[in-house]
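Survey of secondary and tertiary structure
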Amino acid sequence: MEKQWKRPHRLVLVPCPFQGHINPMLHLGYILHSKGFSITISHTQFNFPNTANHPDFHFLPIVDGFSDRVVSSGNFIDVISSFNNNCRAPLEESLALVMETREYDGEITCIIYDEYMYFAAAVAKHLKLPSIILRTSSAIHDLTYNAIPGLLKDGHISTQDADPILLESVPGLHPLRFKDLPITNFKSINDLLQLIANAHETRTSAAIIWNTMDCLEGKSLAQLQQQSQVPLFAIGPFHKIAPAKSCSILEEDTNCIEWLDKQACNSVIYISLGSIASMDKKELAEMEWGLANSQQHFLWVVRPDPTTTCSEWTDSLPEGFIEAIGERGCIVKWAPQKEVLAHGAVGGFWSHCGWNSTLEGLCEGVPMICQPYFGDQWVHARYLTQVWRTGQEWGDNMERGEIERAVRRLIVDKEGKEMRQRAVHLKEKIDICMSEGGGSYNSLYELVGYILSLKI
Ligand code: UDP
């Protein structure tokens, strides 16, 4: 067994407790653990990870006192405010206690927190510890956020008037259109601006870590570095640099890998909308017909609807569908997505374009159909279709004929093959970026040195 004295430096990591945020934070933990740090994950009781999957980490629960009503309200800004109001005192008390009792091997060197768990910056300051922010989305999404106050000031968007012309280009953010901005409601933009201001407050933090890489977002990262007072470290893609055991909150159905093993190379379309977005019953029915009529093989993640009264999760699918598709399709509640995307049988990915899914698709050279729902997903869809050119844009019309054509275009047609070639080319660039001498490799080396040099 490894001797504890070998790890004199401990990092406390504070993830935001949603799947798309937990994954990158735990992966970052593995990366920094592989560089010799001890890792404590300080996590809310809400969505607490399965500790048995992560024996290398120490877990410190934050007593969160969340009301299910706020968490299930679906209002992201309210949920984030609730986390920040409730968690500061419990985190501060538990960390002060472990520091006082010297419960840990190794001194706490730094707190690394998800940008939305900004209460952790105040805790760090009070305990006289340095802190670092983790941004779990793309660099271009952050640039877009940073541009919103200027767009308001110059009258391009407004809280008073009608919404801007959604298909027009946003000045200074080519090729984004107003419809691609991460704004759900232009009228309530002030709430969003307050959230951004809190999440982007870097006055007390020593650096910002990004799950991205310069071969993908070099220009955006350079612009962000110009705007930032503190150094940025782009060390992604985390999940490829230090693969972790499952970080999933839901149980992964691994039977789909056996099913994939029986399929031909590049023949399967994988459909998954991440952990939050979902289709309604009518859209599910159109999807079913579209997939059936496309004659293509598919692996489809249909998450159970927590509000459903159906006794069986598959009851939300149209009657007779499971029997009708036979061996041509596989439907699961939750997939081991990274393994699925790395499987040779998968030739396309129908995605909501969350940043993790986007990176996971790009890292495996899989072309995509981009169906964004909210937030940063719009920006990523636009970049996938216009800049990296490994994705096709999905319109708003969830209609079976459109679905059939889009699937065939991606899996069978020349257009899809060309997208796949570009995706494979980009995957090769990402591989180089991660290997010795590449951008992410060098940044990680610098980050480790920087953390060790930190003093409050
Ligand atoms: N994921 C998974 N199995 C699934 C669907 C999603 O493991 O069936 C993972 C996926 O690999 C990704 C995360 O859940 O790491 C979703 O994060 P993303 O940023 O793509 O979207 P979000 O869920 O935050 O909208």
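Attention in this report is confined to the structure presented alongside it. (Residues numbered from 1 in each chain as written. Predicted model: local features only at pLDDT ≥ 70, side-chain atom pairs only at ≥ 80, totals over all residues.)

Side note on the overall build of the protein
Looking only at helices and strands, the protein has 17 helices and 13 strands in total. For 456 residues, the compact-globule estimate of 2.2 N^0.38 gives 23 Å, and the protein sits close to it at 22 Å. If you line up the protein on its principal axes, its C-alpha atoms span 65 × 60 × 50 Å. Residue burial in the protein is summarised as follows: out of 456 residues, 43% are buried. Restricting the contact set of the protein to residue pairs at least 6 apart, pairs at least 24 apart contribute 70%. (Helix = DSSP H or I, 4+ residues; strand = E, 2+ residues; numbered from the N terminus. Rg over C-alpha atoms; globule rule 2.2 N^0.38 Å. Buried ≥ 20, exposed ≤ 12 C-beta atoms within 10 Å, placed from the backbone. Contact = placed C-beta atoms within 7 Å.)

Notes on the sheet that holds strand E11 (residues 346-351)
Two pairing modes exist for strands in a sheet, parallel and antiparallel, and in both the strands are linked by backbone hydrogen bonds. Here six strands make up an open sheet; going across it, the order is E10-E9-E8-E11-E12-E13 and the pairing parallel. The open sheet has two edge strands with one neighbour each: strand E10 (329-332) and strand E13 (391-393). Strand after strand, the sheet turns through a mean of 15 degrees between neighbouring axes, direction not considered. Helix H14 (residues 377-387) contacts strand E12 (368-370) and E13 of the sheet and is inclined by roughly 115 degrees relative to E13. (Pairing = 2+ DSSP bridges. Axes fitted to C-alpha atoms, helices over the stretch in contact; angles between N-to-C directions.)

What to know about the packing of helix H7 (residues 214-227) against helix H16 (residues 414-434)
One way to put it is that H7 packs onto H16 with a least axis distance of 10 Å and a crossing angle of 80 degrees. Relative to H16, the element H7 is oriented roughly perpendicular. Judged by residue contacts, Asp214, Cys215 and Leu216 of H7 engage Lys429, Ile430 and Cys433 from H16. When grouped by side-chain class, the residues that make up the contact of H7 with H16 number four nonpolar, no polar and two charged. (Parallel < 35°, antiparallel > 145°, perpendicular 65-115°, else oblique. Nonpolar A, V, L, I, M, F, W, Y, C, P; charged D, E, K, R; others polar.)

Comments concerning the site of the ligand
Surrounding the ligand, one finds 19 residues, the nearest of these being Gly20, Gly274, Gln337, Gly354 and Ser357. Contributions of two or more residues to the shell around the ligand are made by helix H1 (19-34), helix H12 (337-342) and helix H13 (355-363). The leading source of residues in the shell around the ligand is H13, at four residues. (Near = placed C-beta within 6 Å.)

Examining helix H17 (residues 439-453)
Helical geometry note: an α-helix holds 3.6 residues per turn, so side chains three or four residues apart project in the same direction. For H17, which comprises 15 residues, the first-to-last C-alpha distance of 21 Å matches the rise-based estimate of 21 Å (1.5 Å per residue) to within 8%. Considered for burial, the residues of H17 that qualify are Gly439, Ser440, Ser443, Leu444, Leu447 and Ile451. Mapping the buried residues of H17 onto a view down its axis gives an arc of 125 degrees, with all of them on the same face. Relative to its buried face, H17 has exposed residues pointing more than 90 degrees away, namely Gly449 and Ser453. (Expected span 1.5 Å × (residues − 1). Arc of directions from axis to C-beta.)

Comments concerning the nonpolar core
The biggest cluster of nonpolar side chains holds 112 residues, and the ones touching the most others in it are Ala120, Ile209 and Leu299. Top element by residues in this core is H1. It accounts for seven residues. Beyond its immediate stretch of four places on either side in the chain, alanine 120 contacts Val14, Leu91, Ile111, Tyr113 and Ser131. (Core = buried A, V, L, I, M, F, W, Y, C linked by C-beta atoms within 7 Å.)

A look at the packing of helix H10 (residues 281-294) against helix H15 (residues 400-411)
The contact between H10 and H15 brings their axes to 8 Å, and the two run at 45 degrees. If you check the angle between H10 and H15, you find them oblique. The handedness of the crossing between H10 and H15 comes out as right-handed. On H15, the residues that touch Glu286, Met287, Trp289, Gly290, Leu291, Asn293 and Ser294 of H10 are Arg400, Ile403, Glu404, Val407 and Arg408. (Left-handed = near helix turned anticlockwise from the far one by under 90°.)

As for the sheet that holds strand E4 (residues 107-114)
Spatial ordering of the open sheet is given by E3-E2-E1-E4-E5-E6-E7, a layout of seven strands whose pairing is parallel. Each of the sheet's edge strands pairs with one partner strand only, and the pair in question is strand E3 (58-62) and strand E7 (232-234). Across the sheet, the mean angle separating the axes of adjacent strands is 25 degrees when strand polarity is ignored. With six bridges connecting them, strand E1 (residues 9-14) and E4 associate as parallel partners.

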